[in-house]
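# Analysis of the macromolecular model
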Amino acid sequence: MGDTMMHIFPHPQLDILGFKGKTLFTLLAFLVILPSVWFRKLSTISYLSFWCGMSIITTIICLLVAGVKDHIGFSQDVAIFRPANVPIATGVYTFTFGATAVFPNVYRSMKNPSRFTEVMTLSFSMATLLNIIVGIVGSVMFGAMTKAQVHLNMPPALIASKVAIWATLLTPVTQFALFLSPISCELEQIMIKYLPWKAESRMTSGACIMLRTTLLIAIAMGALLFPYFANIIELIGSSVSVTLCVIFPGVFYLKLFSHKIPKSRFAGICVVIGVSALAGVAGTIVSIQDLIHK
């Protein structure tokens, strides 16, 4: 969000309490996102999160408009396969789909949990399709210069660029509460056991708000200390997301059902776990090296 605001205001003159530039925008983003993380019910957060999908669709439309109407074109050469980028690509793609930690909370919050599989299949299918479209369109428009956030490649003066940038700017506001929910909910359950008040009391609600605020402060501090957005995504995707979303589920599934599944499926899962582990280790090493060089 700070990167996007810097793109909108490339030469900010604003100085508040000694904070300026990207640091100031990161702090402003913190203040804007803060109220959204105070919601504890996923049924409320889900309405906010609906904008995430809408913002991607808006970005795709703006990219197509910029390419066709504003004559940016779709003529850039794109390499079909670059083996050297496989470790990094693994981290980025896994991070994009690394929502496994949210599943239990989503399942418990559904009015009809029996449709959980249907909802997840539809959601991941749409996310996959939209990400593929953004990746392909962005690549053929900007080629090797494509940035981690493709809207940052778009000329700021274009109307389509402004719409895409502002749509993307609003996404963290609506998305962050959902991603923070699994961590905050688990910590709240632990904290409530030691509080002298009832779980439904106002004092307990206030303590939960303070906990969520503290978590967001820690994340904002991390964004200020490690401002390299793309590299952080690569590192988290290669290390945490690969482990939690691919390796652990595969290992646990084999542990529970290895005696019930065909040998072909068992071998296939083992291959996926092995390849994911190698790609995750390689991506983690490359990401750390990139961060050290910066």
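An account of the accompanying structure is given in this report. Residue indices follow the written sequence of each chain, beginning from 1 at its first position. Selection of residues for local features in this predicted model requires a pLDDT of at least 70, selection of side-chain atom pairs for listing and counting requires 80 or more, and totals for whole chains, interfaces and linings are taken over all residues. In computing side-chain values, all of the structure's heavy atoms are included and hydrogens and water are not.

Working definition: helices are DSSP H or I runs of at least four residues, strands are E runs of at least two. Numbering for both runs from the N terminus. Scanning the protein chain for helices and strands turns up ten helices and two strands. In the protein chain, the order of α-helices and β-strands from amino to carboxyl end is α-β-β-α-α-α-α-α-α-α-α-α. Across the 294 residues in the protein chain, those meeting the buried criterion constitute 34%. For this analysis, residues touch if any pair of their heavy atoms sits within 4.5 Å. Intrachain contacts of the protein chain at a sequence separation of at least 6 include 72% that bridge at least 24 residues. Three exposure classes are used, based on accessible area relative to the maximum for each residue type with a 1.4 Å probe and protein chains only: buried under 20%, partly exposed in between, and exposed over 50%.

What follows concerns the packing of helix H7 (residues 159-192) against helix H8 (residues 202-225). Here the axes come from fitting lines to C-alpha atoms, over the contacting stretch only for helices, and the angles between their N-to-C directions go from 0 to 180 degrees. At a closest axis distance of 10 Å, the pairing of H7 and H8 adopts a crossing angle of 130°. Between H7 and H8, the angle falls in the class oblique. For the element pair H7 and H8, the recorded crossing hand is right-handed. Between H7 and H8, the contacting residues are Phe176, Leu180, Ile183, Ser184, Cys185, Leu187, Glu188, Met191 and Ile192 on the first element and Thr204, Ala207, Cys208, Leu211, Arg212, Leu215, Leu216 and Ile219 on the second. Here the term charged refers only to Asp, Glu, Lys and Arg, the term nonpolar to Ala, Val, Leu, Ile, Met, Phe, Trp, Tyr, Cys and Pro, and the term polar to all other amino acids, Gly among them. Class assignment of the residues belonging to the contact of H7 with H8 gives a composition of 13 nonpolar, two polar and two charged. Small angles under 35 degrees read as roughly parallel and large ones over 145 as roughly antiparallel, with 65 to 115 read as roughly perpendicular and the rest as oblique. Crossings are sorted by hand: turned counterclockwise from the far helix by less than a right angle, the near helix makes the crossing left-handed, and turned clockwise it makes it right-handed.

Bringing a nonpolar patch on the surface into the picture now. Residues enter patches when they are more than 30% accessible in relative terms and free of salt bridges; like-charged ones are connected within 9 Å and nonpolar ones (Val, Leu, Ile, Met, Phe, Trp, Tyr) within 5 Å. Accessibility throughout is a Shrake-Rupley quantity obtained with a 1.4 Å probe, and a residue counts as covered only by protein chains that appear here. Note on definitions: salt bridges are taken to be side-chain nitrogens of Lys or Arg within 4 Å of carboxyl oxygens of Asp or Glu. Together, Phe95, Ile236, Val240, Leu244, Phe248, Val251 and Phe252 give the surface a local cluster of nonpolar side chains, amounting to about 590 Å² of exposed area. Of all the elements, helix H9 (residues 229-257) adds the most residues to the nonpolar patch, at six residues. If you trace the backbone, Val240 turns up in helix H9. For Val240, a relative accessible area of 43% translates into the label partly exposed.

With that settled, consider helix H10 (residues 263-293). Compared with an ideal rise of 1.5 Å per residue, which puts 31 residues at 45 Å, H10 spans 45 Å between its outermost C-alpha atoms and is within 8% of the ideal. Inspection of H10 places Ile269, Ile273, Ser276, Ala279, Gly280, Gly283, Thr284, Ser287 and Leu291 among the buried residues, and these make up the whole buried set. Multiply 1.5 Å by the residue count of a helix minus one, and that product is the helix's expected span.

Turning our attention to the environment of Ala279. Within the secondary structure, Ala279 is located in helix H10. Sequence-wise, Ala279 and Ser238 are 41 residues apart; in three dimensions their C-alpha atoms are separated by 7.4 Å. Residues contacting Ala279, with those up to four places away along its chain left out, are Pro87 and Thr90.

Here we take up the environment of Phe124. Along the chain, Phe124 turns up in helix H6 (residues 116-142). Once the C-alpha coordinates of Phe124 and Phe97 are considered, the two residues, 27 residues apart in sequence, prove to be 7.8 Å apart. Once residues within four sequence positions are removed from consideration, Phe124 is found in contact with Phe97 and Phe103.

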